[in-house]
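Each chain, written out:
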Amino acid sequence: MGLLDILLGRTKPVVPDLDALFALPSAAVTLEAAAGFTPTGCGAVCFATVEGGAFEQTHREVQALLDADTERTGPPVRLLRDDYGYSWLVSQRAPDELSFVVNDLHAVNSAMEVNGFGPQLLCSLAGFRDAAGRRLALVYLYKRGSFYPFAPLPGGGQRRDNTLELQVRAALANDLRVEQDLGRWFPVWGAPGL
């Protein structure tokens, strides 16, 4: 990055660090201690919908890779489409298997990236719940290399619990690279895995 870039306010794009996902299990311990949220065992990778043989081949490769996991009791990943036209590869495990969910998310992201679908990757998330049934997702923004909390309010509608999100941000500041720009804390309404 040169002097002209600095003067014009251009920044170098952040390189995605998929290994940041491996910080989720330790962040989950902090999250449980600070706010009472525990993992649901569900996680998902969101990407712009891709059609064609190359994507189908990548999806089969991911399925085969995750099928090799002898600890898994269900399908490796499910492919779903949401109401907004985005695709989700969803991994479901037991609630105490967050590290396996993280491995699944990393494998899906890596396979998509290696096969040329990196530009379509949007985010990954891991789901959490508390004893009162409130939902929370820790969302990893692929293109920013950072996390943010998303907490929809119960009872339907598209309202979020901003107070809880800020509380989680403060609690996890030492565990995860939290996105500082609150404008990038995009809602993931109806996200599979949440």
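You'll find the structure just up there.
Calculation criteria
- Residues numbered from 1 in each chain as written.
- Predicted model: local features only at pLDDT ≥ 70, side-chain atom pairs only at ≥ 80, totals over all residues.
- Heavy atoms only, no water.
- Helix = DSSP H or I, 4+ residues; strand = E, 2+ residues; numbered from the N terminus.
- Buried < 20%, exposed > 50% of the residue type's maximum accessible area, 1.4 Å probe, protein only.
- Areas by Shrake-Rupley, 256 points an atom, 1.4 Å probe, with all protein chains shown as cover.
- Phe/Tyr/Trp six-rings, centres within 6.5 Å; stacked < 30°, edge-to-face > 60°.
- Polar contact = N/O pair within 3.5 Å; in protein donor to acceptor, adjacent residues only side chain to side chain.
- Contact = heavy atoms within 4.5 Å.
- Expected span 1.5 Å × (residues − 1).
- Arc of directions from axis to C-beta.
- Axes fitted to C-alpha atoms, helices over the stretch in contact; angles between N-to-C directions.
- Parallel < 35°, antiparallel > 145°, perpendicular 65-115°, else oblique.
- Left-handed = near helix turned anticlockwise from the far one by under 90°.
- Nonpolar A, V, L, I, M, F, W, Y, C, P; charged D, E, K, R; others polar.

Visitor: What am I meant to see in the overall build of the protein here?
Guide: A count of helical and extended segments in the protein gives five helices and six strands. A burial count over the protein gives 46% of its 194 residues as buried. Total accessible area on the protein stands at roughly 9,700 Å², and carbon and sulfur atoms take up 55% of it.

Visitor: Is there a simple way to think about the packing of aromatic side chains in this case?
Guide: What characterises a pair of aromatic rings is the spacing of the ring centres plus the angle enclosed by the ring planes. Applying the stated criterion across every chain yields a total of three aromatic pairs. A centroid spacing of 5.0 Å and a plane angle of 55° characterise the contact between tyrosine 140 and phenylalanine 147, whose relative ring orientation is tilted. Pair check on accessibility: tyrosine 140 and phenylalanine 147 agree, each one buried. Relative to tryptophan 189, the ring of phenylalanine 150 lies with its centre 5.1 Å away and its plane at 75°, an arrangement referred to as edge-to-face. Separated by 39 residues along the polypeptide, phenylalanine 150 in strand E6 (residues 146–150) and tryptophan 189 in the segment after helix H5 (162–171) bring together distant segments of the chain. When its relative accessible area of 0% is taken as the criterion, phenylalanine 150 is described as buried.

Visitor: Help me understand the side chain of serine 146, please; the structure alone is not making it clear to me.
Guide: Its place among the elements puts serine 146 in strand E6. Within polar-contact distance, the side chain of serine 146 engages the side chain of glutamate 179 at 2.5 Å. Beyond its immediate sequence surroundings of up to four residues, serine 146 is in contact with Val139, Tyr140, Leu141, Arg177, Val178 and Glu179.

Visitor: Is there a simple way to explain helix H2 (residues 24–35) in this structure?
Guide: Residues three or four positions apart in an α-helix share a direction because the helix packs 3.6 residues into each turn. In a regular helix each residue adds 1.5 Å, so 12 residues correspond to 16 Å; H2 covers 15 Å between its end C-alpha atoms and thus fits that length. Listed as buried for H2 are Leu24, Ala27, Ala28, Leu31 and Ala35. One side of H2 carries all its buried residues, which in axial view fall inside an arc of 110°. For H2, the exposed residues lying more than 90 degrees away from the buried face are Val29 and Ala33. Looking at the buried positions of H2, the neighbouring elements they touch are strand E1 (38–48), helix H4 (98–117), strand E4 (121–129), strand E5 (135–141), E6 and H5. Phi turns positive one or two residues past the end of H2, at glycine 36, with a value near 80°.

Visitor: Can you help me understand the packing of H2 against H5 in this one?
Guide: Where H2 meets H5, the closest approach of the two axes is 10 Å, and the angle between their N-to-C directions is 125°. Comparing their axes, H5 and H2 come out oblique. Of the two possible hands of crossing, H2 and H5 adopt the one that is right-handed. In this structure, H2 contributes Thr30, Leu31, Ala34 and Ala35 to the contact, and H5 contributes Gln167, Val168 and Ala171. Along the lines of polarity and charge, the residues of the contact of H2 with H5 split into five nonpolar, two polar and no charged.

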